[in-house]
Amino acid sequence: GIELTQRSAQIRNELLAAYRTASLKHDQIGQATLLNLLLRNYLEFNLFEQADTLMRRTEFPEGDASNNQLARYLYYCGRIKAVQLEYTDAFRSLQQASRKAPQQSALGFRKTVTKFSIIVQLLLGEIPDRSLFSQKGMVAALKPYLQIAQAVRVGDLESFHKAMQEHGAVFKTDKTYSLIVRLRHNVIKTGLKKINTAYSKIQLSDICAKLRLESVEDTEFIVAKCIQDGVIDATIDHAAQTMMSKANLDIYTTSEPQQQLHRRVAFCLDMHNQAVKAMRYAENTKAEWESAEERRERLKQEEEMMNSMDEEEEF
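Everything in this summary refers to the structure shown in the same document.

How each quantity is defined
Residues numbered from 1 in each chain as written. Predicted model: local features only at pLDDT ≥ 70, side-chain atom pairs only at ≥ 80, totals over all residues. Heavy atoms only, no water. Helix = DSSP H or I, 4+ residues; strand = E, 2+ residues; numbered from the N terminus. Rg over C-alpha atoms; globule rule 2.2 N^0.38 Å. Buried < 20%, exposed > 50% of the residue type's maximum accessible area, 1.4 Å probe, protein only. Areas by Shrake-Rupley, 256 points an atom, 1.4 Å probe, with all protein chains shown as cover. Pairing = 2+ DSSP bridges. Phe/Tyr/Trp six-rings, centres within 6.5 Å; stacked < 30°, edge-to-face > 60°. Lys NZ or Arg CZ within 6 Å of the ring centre and 35° of its normal. Core = buried A, V, L, I, M, F, W, Y, C linked by side-chain atoms within 4.5 Å. Contact = heavy atoms within 4.5 Å. Axes fitted to C-alpha atoms, helices over the stretch in contact; angles between N-to-C directions. Lys, Arg positive; Asp, Glu negative; His and termini not counted. Salt bridge = Lys/Arg side-chain N within 4 Å of Asp/Glu carboxyl O. Expected span 1.5 Å × (residues − 1). Bend = angle between axes of the 7 residues up to and from the residue.

1. A few points about the overall build of the protein chain
Secondary structure summary: the protein chain contains 15 helices and three strands in total. Over its C-alpha trace the protein chain gives a radius of gyration of 29 Å, far above what one expects of a compact globule, namely 20 Å for 315 residues. Its C-alpha atoms put the protein chain at 110 × 65 × 35 Å along the principal axes. Looking at the protein chain as a whole, 35% of its 315 residues qualify as buried. When the accessible surface of the protein chain is totalled, it reaches about 20000 Å², and 52% of it is carbon and sulfur.

If you want it as structure tokens, here you go:
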């Protein structure tokens with residue numbers, strides 16, 4: 001009711017006071033709930049700096065909090081880190097939020113997490129799997145994001161701009177518009193990679209026409225930036241206004257396979273740690289454990305029994 005009446009900002013101080021009280025009383029369930037409410041409140045007003053500060057200075061109580069609250073917290077963390085350009089951490093948080101969320105319900109939450117996950121994965125330079133867009137109950141909601149992913153995959157800037165114009169209102173409602181705008185550079189990089197592979201030498205004006213950029217001067221700056229960032233291996237002849245591609249190197253002579261292996265190992269280790277944290281034990285297990293005093297008493301009785309047996313053998 002408070003959010004619908006645009007009065008969310010008025011309760012922020014009350015939420016902070018309640019969170020301090022819950023922390024002092026070691027109320028972990030209250031801490032988890034109030035921390036999520038505070039992050040939601042900050043994100044509603046696009047206060048990402050304050051949300052990031054709160055996230056870094058607090059710790060989510062994973063022990064007693066429910067999976068639903070943990071999924072919410074991971075989703076908020078993913079959104080904050082995505083805005084802060086920490087795409088790897090953002091994608092990991094969003095993936096964990098998707099796994100922690102109820103799989104048979106909470107369709108709206110899973111849709112939202114999937115939308116942000118798709119955009120962040122594209123910002124990482126990866127293409128989401130096609131099956132992600134055909135999940136039950138999500139096909140229609142993810143159709144605009146499928147068009148964006150297809151434009152990024154083929155490096156078609158015109159298709160990208162067309163999708164932005166057609167579905168701009170949807171992206172703004174989903175609050176993914178600012179992240180999608182960043183994908184324009186990824187579309188250009190993909191197109192440049194294909195041109196660099198196909199041509200050994202090409203005019204900058206032809207690159208401008210193929211990528212549908214605004215001017216040849218902008219094209220030269222963009223190509224120079226991609227060369228500097230290592231996106232393509234080429235050189236620019238400023239006088240002749242051409243780009244000359246170098247011979248493609250074998251990827252196995254670079255550090256890319258090692259980096260891929262490192263990412264996969266880190267993902268597996270993180271999944272293992274999450275599984276260990278999620279393990280639950282029976283409540284009566286501790287009661288069945290033998291205390292130190294009981295163990296000493298048992299050992300003492302065994303020792304007396306052995307001594308008595310030795311004495312009987314002597315007789």
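From this point, things continue past the structure.
2. Describing unusual backbone geometry
Backbone geometry places Asn46, a non-glycine residue, at a positive phi of 60°. Mapping Asn46 onto the fold places it in the loop between helix 2 (28–44) and helix 3 (48–57). Phi at Leu85 takes a positive value of approximately 70°, unusual for a residue other than glycine. As for its placement among the helices and strands, Leu85 is situated in the loop between helix 4 (67–83) and helix 5 (87–100). For Leu85, a relative accessible area of 56% corresponds to the exposed category.

3. Re the pairing of strand 3 (residues 242–245)
As judged from the three bridges shared by strand 1 (residues 201–203) and strand 3, these two strands associate in the antiparallel manner. Of the residues in strand 3, the one forming a bridge with Lys201 is Met244. As paired elements, strand 2 (residues 234–237) and strand 3 share four bridges and run antiparallel to each other. Looking at strand 3, one finds that Asp237 is bridged to Thr242. What sits between the antiparallel neighbours strand 2 and strand 3 is a turn of four residues, in which Gln241 has the positive phi angle 55°.

4. Regarding the packing of aromatic side chains
A complete count under the given rule lists five aromatic pairs for this structure. Relative to Tyr76, the ring of Tyr75 has its centre 5.3 Å away and its plane inclined at 45°; by these criteria the two rings are tilted. The exposure classification of Tyr75 matches that of Tyr76, with both residues buried. Plain terms: the ring middles of Tyr75 and Phe109 are 5.7 Å apart, the flat faces sit at 75° to each other, and that makes the pair edge-to-face. Of this pair, Tyr75 sits in helix 4 while Phe109 sits in helix 6 (residues 107–123), placing them 34 residues apart in sequence. Of the residues examined, Tyr75 reaches a relative accessible area of 8% and is grouped as buried. Site record: aromatic cluster; members linked through ring pairs are Tyr75, Tyr76, Phe109 and Phe116. Cation over ring: Lys172 sits above Tyr177, and NZ or CZ is 5.1 Å from the ring centre.

5. Some thoughts on the nonpolar core
Grouped together as the largest cluster of nonpolar side chains are 69 residues, with contacts concentrated most on Ile148, Phe160, Ile180, Leu183, Leu192, Ile207 and Met243. Of the residues forming this core, the biggest block, eight residues, is contributed by helix 4. Filtering out sequence-adjacent residues up to four positions away, Ile180 remains in contact with Ile119, Tyr145, Ile148, Phe160, Met164 and Phe171.

6. Notes on the environment of Ala240
By secondary structure assignment, the location of Ala240 is in the loop between strand 2 and strand 3. Separated by 36 residues in sequence, Ala240 and Leu204 have C-alpha atoms that sit 9.2 Å apart.

7. What to know about the sheet that holds strand 1
If you walk across this open sheet you meet the three strands as 1-3-2, and the pairing is antiparallel. Only two strands of the sheet have a single neighbouring strand rather than two, namely strand 1 and strand 2. Within the sheet, the average angular offset between the axes of one strand and its neighbour, ignoring direction, is 20°. Strand contacts of helix 12 (residues 216–228): strand 2 and strand 3, with the helix running at about 150° to strand 2, the strand carrying the most contacts.

8. A few points about the side chain of Lys81
Here Lys81 shows up in helix 4. Although buried, Lys81 forms no salt bridge, and the nearest oppositely charged side chain, Asp89, lies 5.0 Å from it.

9. Re helix 7 (residues 139–154)
Its 16 residues give helix 7 an end-to-end C-alpha distance of 21 Å, which sits within 8% of 22 Å, the value for a rise of 1.5 Å per residue. Where helix 7 bends most, at Tyr145, the angle is about 30°. Among the residues making up helix 7, those that are buried are Ala141, Leu142, Pro144, Tyr145, Leu146, Ile148, Ala149, Ala151 and Val152. Against helix 6, helix 8 (157–174), helix 9 (177–181) and helix 10 (183–198) lie the buried residues of helix 7. Count one or two residues on from helix 7 and you reach Gly155, which has phi positive near 70°.

Purely geometric numbers; function is a separate question.
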